[in-house]
Amino acid sequence: MSRFLPITITLVLLGPAPARADTPTALQTQQAAAQDQKVTYVAPETPAFTFLGITPTTVTRPTTPRDLGTTLLDGIDASGRVVRGFALEMTPSFLFPNLTPRDPVKNRVLYGLASTGVSLGTIQAAGDTSATDMAVGFRINLYDAGDPMWNKAFQDSLKGILDAARPATPDEDNSIREKAVGGALRDLRARWVKTHWNASRLAGGLGTGMRLIGSRFSSEHFLGASAWLVGSYGVGAHGQLLAQVQFDDRAAIAEAPDSTRWTYGVRAVVGSPTVNGFAEVVGYSTAKSGYVRGSTRQSKWTAGLEFLLADGFWLSTGVGSSGASSGGSDHAVILANLRWVFSNAPRYTP
Amino acid sequence: MPTSTQIGADPAKSIAIDMSVTTMHVVSSRVWVKPPGGVWALVHDGDFRFHEPDDFTLPAQPAGTVLHYWLGIGGNPSTQFSVVISLRQDGPLPGGTHLNQGMTDADGKFFVQDEVAL
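Calculation rules
- Residues numbered from 1 in each chain as written.
- Chains lettered and ligands numbered in written order.
- Predicted model: local features only at pLDDT ≥ 70, side-chain atom pairs only at ≥ 80, totals over all residues.
- Heavy atoms only, no water.
- Helix = DSSP H or I, 4+ residues; strand = E, 2+ residues; numbered from the N terminus.
- Rg over C-alpha atoms; globule rule 2.2 N^0.38 Å.
- Buried < 20%, exposed > 50% of the residue type's maximum accessible area, 1.4 Å probe, protein only.
- Contact = heavy atoms within 4.5 Å.
- Buried area = accessible area lost by both parts, 1.4 Å probe.
- Salt bridge = Lys/Arg side-chain N within 4 Å of Asp/Glu carboxyl O.
- Polar contact = N/O pair within 3.5 Å; in protein donor to acceptor, adjacent residues only side chain to side chain.
- Phe/Tyr/Trp six-rings, centres within 6.5 Å; stacked < 30°, edge-to-face > 60°.
- Expected span 1.5 Å × (residues − 1).
- Arc of directions from axis to C-beta.

Engineer: Can you break down the overall build of chain B residue by residue, with the values?
Structural biologist: The helix and strand inventory of chain B stands at zero helices and nine strands. Mapped from its N terminus to its C terminus, chain B presents α and β elements in the order β-β-β-β-β-β-β-β-β. Since a compact globule built from 118 residues should have a radius of gyration of about 13 Å, the 14 Å found for chain B is in line with a globular shape. The principal-axis extents of the C-alpha atoms in chain B amount to approximately 45 × 30 × 20 Å. Burial statistics for chain B: of 118 residues in total, 58% are counted as buried.

Next up, the structure:
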């Protein structure tokens, strides 16, 4: 097991791999994305986009049934083909406006709907210029003690802030009061994060997709599926245990073999929202079938310290069998046998 | 100012007003009415949240009265909200259900004002 190298000053910029001379196919891009999955301890907000390995610059977020219908119609062109580059994200609770919160049974449904996200995306399938890969994803928060909107006291404080912004008359310019709400909400949320940085959570996500031959629904090929289950458990006021399990299955298509991959991570954090020590084990197991058979397993461990230098700017250092993953974009320097990582994300998930 | 929608309420009967939110948000409300040729009069301050709607009864109003409501919606940043304002007289009034939907801003807030010609 190799330790970090004792290089006096080594600058490692962790960014995208150099562009290849040949353009990867969409499926290769997806598989590469699956291979490069970092253990972030956060279920993806939009599993469909994660499944396709894309980050759409424009995402449509319908908020009414009519918007949704229009958006979906826009996803099909005049000749009946699926439009590529389509990206949709929504919380489906708006589809049921008549489900008022009076019925306790329906309330349970609404709670589920209120914490569920649906995503849908399309991308051109390279290697077949007429085909389109389409994915749909679901995300649900099963439990989240760190979400202030599930906390009555926080809701009461929020109500007080909003009440203070009521205009005296309909004709009054209320912009000053309404603007003050923003600052008060930021302060309220900052206080919440300070005391709930290590809250317990459980969330899951699922993404699956298909290749539409000729970009039509009449002929499709199953691409596979990805699933995430992430959780954290707060230990007292200063500790947190986090875990993530991810499953990726990709069907054999074109030149790519069928493959499955399990990725996991466990992390323990002790400290505060600004300084903490951590220990982590991450690993994966892959298996391929078809004309390229084989399996691979690997695990890594890391332990160290991290500090919040400024808002959204973390410095971490430690030892381990390899550089630990983190949710943010990293820049690493190795000084005096220690690897120092600058990141835009901490190793816990406030 | 918002544009009034006409619902044709019976001026001889009171109006039941139900306010509810079907998403994880807290809503503060204020409601006024203005009779023809009159001035705005505050008739209700309320709040409601997921699981906890707010109901009140507006006494009979002369024909041509305008109802104005303000909603302050708060929740997590950049989250979709859905607020329903329903006016009833012996059942739902035609055009008496207002569905207010949208997304909170980066601070988690959104404000709505609208009017209904009773």
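Engineer: Tell me what's going on with the environment of A:Pro148, and back it up with residues and numbers.
Structural biologist: Positionally, A:Pro148 belongs in the loop between β4 (132-144) and α5 (152-163). According to the relative accessible area criterion, A:Pro148 is buried, its value standing at 6%. Note: C-alpha distance between A:Pro148 and A:Val193 (45 residues apart in sequence) is 8.9 Å. When sequence neighbours within four positions are dropped, the list of residues in contact with A:Pro148 reads A:Phe154, A:Arg189, A:Trp192 and B:Asn76.

Engineer: So what about the interface of chain A and chain B? Which residues, and what values?
Structural biologist: Taken together, the 44 residues of chain A in the interface contact 42 residues of chain B. Buried surface at the junction of chain A and chain B, summed over both partners, amounts to about 3,600 Å²; 59% is from carbon and sulfur atoms. Connecting chain A to chain B are four salt bridges. Between A:Arg186 and B:Asp107 there is a salt bridge; the shortest N-O distance is 2.9 Å. The tally of links from chain A across to chain B stands at 16 residue pairs in polar contact (both at pLDDT 80 or more). If you list the elements that add at least two residues to the side of chain A that touches chain B, you get β2 (87-90), α4 (104-114), α5 and α6 (175-196) of chain A.

Engineer: Run through the packing of aromatic side chains, naming residues and quoting values.
Structural biologist: Residue and element names in this part refer to chain B. All told, the structure shown has four aromatic pairs over all chains when counted by the stated rule. Where Trp 70 meets Phe 111, the ring centres are 5.9 Å apart and the plane angle is 25°; that geometry is what we call stacked. Here Trp 70, found in strand β6 (residues 66-74), pairs with Phe 111, found in strand β9 (residues 109-117); they are 41 residues apart in sequence, far enough to count as distant. The residues Trp 70 and Phe 111 share a single accessibility class, namely buried.

Engineer: Tell me about the side chain of B:Gln101, and name the residues and values.
Structural biologist: Relative to the assigned elements, B:Gln101 resides in strand β8 (residues 92-103). Here B:Gln101 is in contact with A:Thr63, A:Thr64, A:Pro65, A:Phe94, B:Phe81 and B:Ser82, once residues within four sequence places are set aside.

Engineer: Can you break down α6(A) residue by residue, with the values?
Structural biologist: Residue pairs three or four apart in sequence face the same way in an α-helix, which turns once every 3.6 residues. Helix length check: α6(A), at 22 residues, gives a terminal C-alpha distance of 32 Å against a target of 32 Å (1.5 Å per residue), a fit within 8%. All of the buried residues in α6(A) are A:Glu178, A:Val181, A:Gly182, A:Leu185, A:Leu188, A:Arg189 and A:Trp192. In an axial view of α6(A), the angular spread of the buried residues amounts to 140°, which keeps them on one side of the axis. Residues A:Ile176, A:Lys179, A:Arg191 and A:Lys194 are exposed on α6(A) and point more than 90 degrees away from its buried face. Of the surrounding elements, those touching the buried residues of α6(A) are α5 of chain A together with β6 and β9 of chain B.

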